[in-house]
Amino acid sequence: MKQVTFTLSATDGMARRGRIDTPRGEINTPAFMPVGTAGTVKAMYPEQVRDTGADILLGNTYHLMLRPGAERVASLGGLHTFMNWERPILTDSGGFQVMSLAKLRKLTERGVTFKSHIDGSAYELTPERSIEIQTLLDSDIIMQLDECIALPAERKEMERAMELSIRWADRSKTAFNNQQNRMLFGIVQGGDDAELRSRSAAGLQSIGFDGYSIGGLAVGEPQEVMFRVLSDITPELPADKPRYLMGVGKPDDILGGIERGVDMFDCVHPTRAGRHGHAYTRFGVINLKNARHRDDHRPLDEASPNPNCRRWSRAYLHHLVKTEEILGAMVLSQINLAYYQELTARARAAIEAGRMTDFAAETRAAWAAGDL
Ligand SMILES: CNc1nc2cc3nc(NC)[nH]c3cc2c(=O)[nH]1
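Analysis parameters
- Residues numbered from 1 in each chain as written.
- Predicted model: local features only at pLDDT ≥ 70, side-chain atom pairs only at ≥ 80, totals over all residues.
- Heavy atoms only, no water.
- Phe/Tyr/Trp six-rings, centres within 6.5 Å; stacked < 30°, edge-to-face > 60°.
- Buried < 20%, exposed > 50% of the residue type's maximum accessible area, 1.4 Å probe, protein only.
- Lys NZ or Arg CZ within 6 Å of the ring centre and 35° of its normal.
- Pairing = 2+ DSSP bridges.
- Helix = DSSP H or I, 4+ residues; strand = E, 2+ residues; numbered from the N terminus.
- Near = heavy atom within 4 Å.
- Polar contact = N/O pair within 3.5 Å; in protein donor to acceptor, adjacent residues only side chain to side chain.
- Areas by Shrake-Rupley, 256 points an atom, 1.4 Å probe, with all protein chains shown as cover.
- Nonpolar A, V, L, I, M, F, W, Y, C, P; charged D, E, K, R; others polar.
- Axes fitted to C-alpha atoms, helices over the stretch in contact; angles between N-to-C directions.
- Expected span 1.5 Å × (residues − 1).
- Arc of directions from axis to C-beta.
- Contact = heavy atoms within 4.5 Å.
- Salt bridge = Lys/Arg side-chain N within 4 Å of Asp/Glu carboxyl O.

**Section: the packing of aromatic side chains**
Scanning the entire structure with this criterion turns up seven aromatic pairs. With centroids separated by 5.7 Å and ring planes inclined at 15°, the aromatic side chains of Phe114 and Tyr123 adopt a geometry described as stacked. Classification of Tyr123 as partly exposed rests on a relative accessible area of 24%. The rings of Phe32, Tyr280, Tyr339 and Tyr340 are connected pair by pair, giving a single aromatic cluster. Just above the ring of Phe227 sits the side chain of Arg260; from NZ or CZ to the centre is 3.9 Å.

**Focus: the pairing of strand β16 (residues 284-287)**
Inspection of the sheet shows strand β15 (residues 278-281) paired to β16 by four bridges, in the antiparallel sense. Within the sheet, the bridge partner assigned to His278 lies in β16 and is Asn287. If you look at the hairpin formed by β15 and β16, you'll find two residues sitting between the two strands.

**A short note on the site of the ligand**
In the vicinity of the ligand lie 14 residues, with Asp146, Gln189, Gly216, Leu217 and Ala218 positioned nearest. Measuring from an oxygen atom of the ligand, one finds a side-chain N or O atom of Gln189 at 2.9 Å. One nitrogen or oxygen atom from the main chain of Gly216 is found 2.7 Å from an oxygen atom belonging to the ligand. Here the ligand, which alone exposes 410 Å², has 86% of that area covered by the protein. Its residues assigned to classes, the shell around the ligand shows seven nonpolar, five polar and two charged.

**Some points on the sheet that holds strand β2 (residues 15-22)**
Across the sheet, which stays open at both edges, the three strands sit in the order β1-β2-β3 with antiparallel pairing between neighbours. A strand with exactly one partner marks an edge of an open sheet, and here the two such strands are β1 (5-12) and β3 (25-29). On average, adjacent strands in this sheet sit at an angle of 15° to one another, irrespective of strand direction. Judged from the five bridges that link them, β2 and β3 form a sheet pairing that is antiparallel. Of the residues in β3, the one forming a bridge with Arg19 is Asn28.

**Comments concerning helix α13 (residues 326-352)**
Compared with the 39 Å implied by 1.5 Å per residue over 27 residues, the 39 Å span of α13 between its first and last C-alpha is a close match. Taken across its 27 residues, α13 has 19 buried, putting it largely inside the fold. Directly beyond the C-terminal end of α13, a positive phi value near 65° is found at Gly354.

**A look at helix α14 (residues 356-369)**
Helix length check: α14, at 14 residues, gives a terminal C-alpha distance of 20 Å against a target of 20 Å (1.5 Å per residue), a fit within 8%. Residues of α14 that are buried: Met356, Phe359, Ala360, Thr363 and Trp367. Seen end-on, α14 carries its buried residues on one side only, within an arc spanning 100°. Turned more than 90 degrees off the buried face of α14, the exposed positions are Thr357, Ala368 and Ala369. Those residues of α14 that are buried are in contact with β1, β2, α10 (251-259), β15, β16 and α13.

**What to know about the pattern of salt bridges**
Throughout the structure, instances matching the rule amount to 30 salt bridges. Glu195 is paired through a salt bridge with Arg155; the nearest N and O atoms lie 2.3 Å apart. With Glu195 in helix α8 (residues 194-207) and Arg155 in helix α7 (residues 155-176), the pair connects residues that are 40 residues apart, well separated along the chain. For Arg155, a relative accessible area of 34% puts it in the partly exposed group. Here Glu163 makes a salt bridge to Arg199, at a shortest N to O gap of 2.5 Å. With Glu163 in helix α7 and Arg199 in helix α8, the pair connects residues that are 36 residues apart, well separated along the chain. Judged by its relative accessible area of 32%, Glu163 is partly exposed. Residue class for Arg199 comes out partly exposed when judged on its relative accessible area of 30%. Several salt bridges share partner residues, and in doing so they unite Arg155, Lys156, Glu159, Glu163, Asp193, Glu195 and Arg199 into one network.

See the structure below:
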């Protein structure tokens, strides 16, 4: 009997409030998943990640298969034990990062061969090996291996990658072997072409998955293209399965994704922006590198529920960022992750109360009025 299940508890327009129950705990949706690339959310203790409100974090197969290696993580008790995070973990299947990071990549029907960007050693990733790696990591939600192409692209190219991804989806499902203690998601491709996206969604559903990722977006296309693709495709996905928009995004991308029926998000942006001196507040983003903060004794937001937004002056945060002190990365990573969790928590409450439209309008108004 499947031990990882999705329950939809409320809808408001296309927006959905739900919950994924897993043996390691529940995931409240809409959910933002902090990225723990190589078994760590950079500059954060796992307890701190939980304290920001995260129910689940993401691990990257590409990084972990290179270092320390999937078999080694398994021999050390699996990724949860390895990194001291006992709540749910979602892993990606590695294909996206092979195409963006690895060297000397060769993609065939069988899979992709590549050289490590670290030491040049040779690897192969097939649908079967990716499922094996994610199972060795003991991940709670795993992804099929797919091929994601950048936009804009020729229709023929989008069609070729989409059709290959469906064949790989089928092989991934077979290799998954109906494991009951984790979910397997298919990944919808098809670029910005509605007909290709429909064929991908239909093809995946005929194979059958526990959830459906929307891939091939946040790859250079304008936000309105991403939103159009989402508006067209989410109604074609099963209402009783989670939908995960991969690699998205900035707060306004996430709000727009929730309004278009997306349940799960992941993005390196909040932590990466934190390490680069950008702080997310309810007024929008503040670039603390800017010299205008040098003498500003005010905290970021004295009305914030987050102590880190109240206890440090902007001048001090500016100082930490300019001197590239480690504490700067720590404080701003926590501030940004906490903001993303506050945004999704407020969205969940708004959907439950049937006030998603007002919530979205209020949130955008605060961003626009932002006293940065
Ligand atoms: C693991 N497969 C897979 N990962 C992805 C990660 C992404 N990350 C972004 N923007 C940061 N777009 C993405 C698309 C995919 C995609 O289409 N497939």
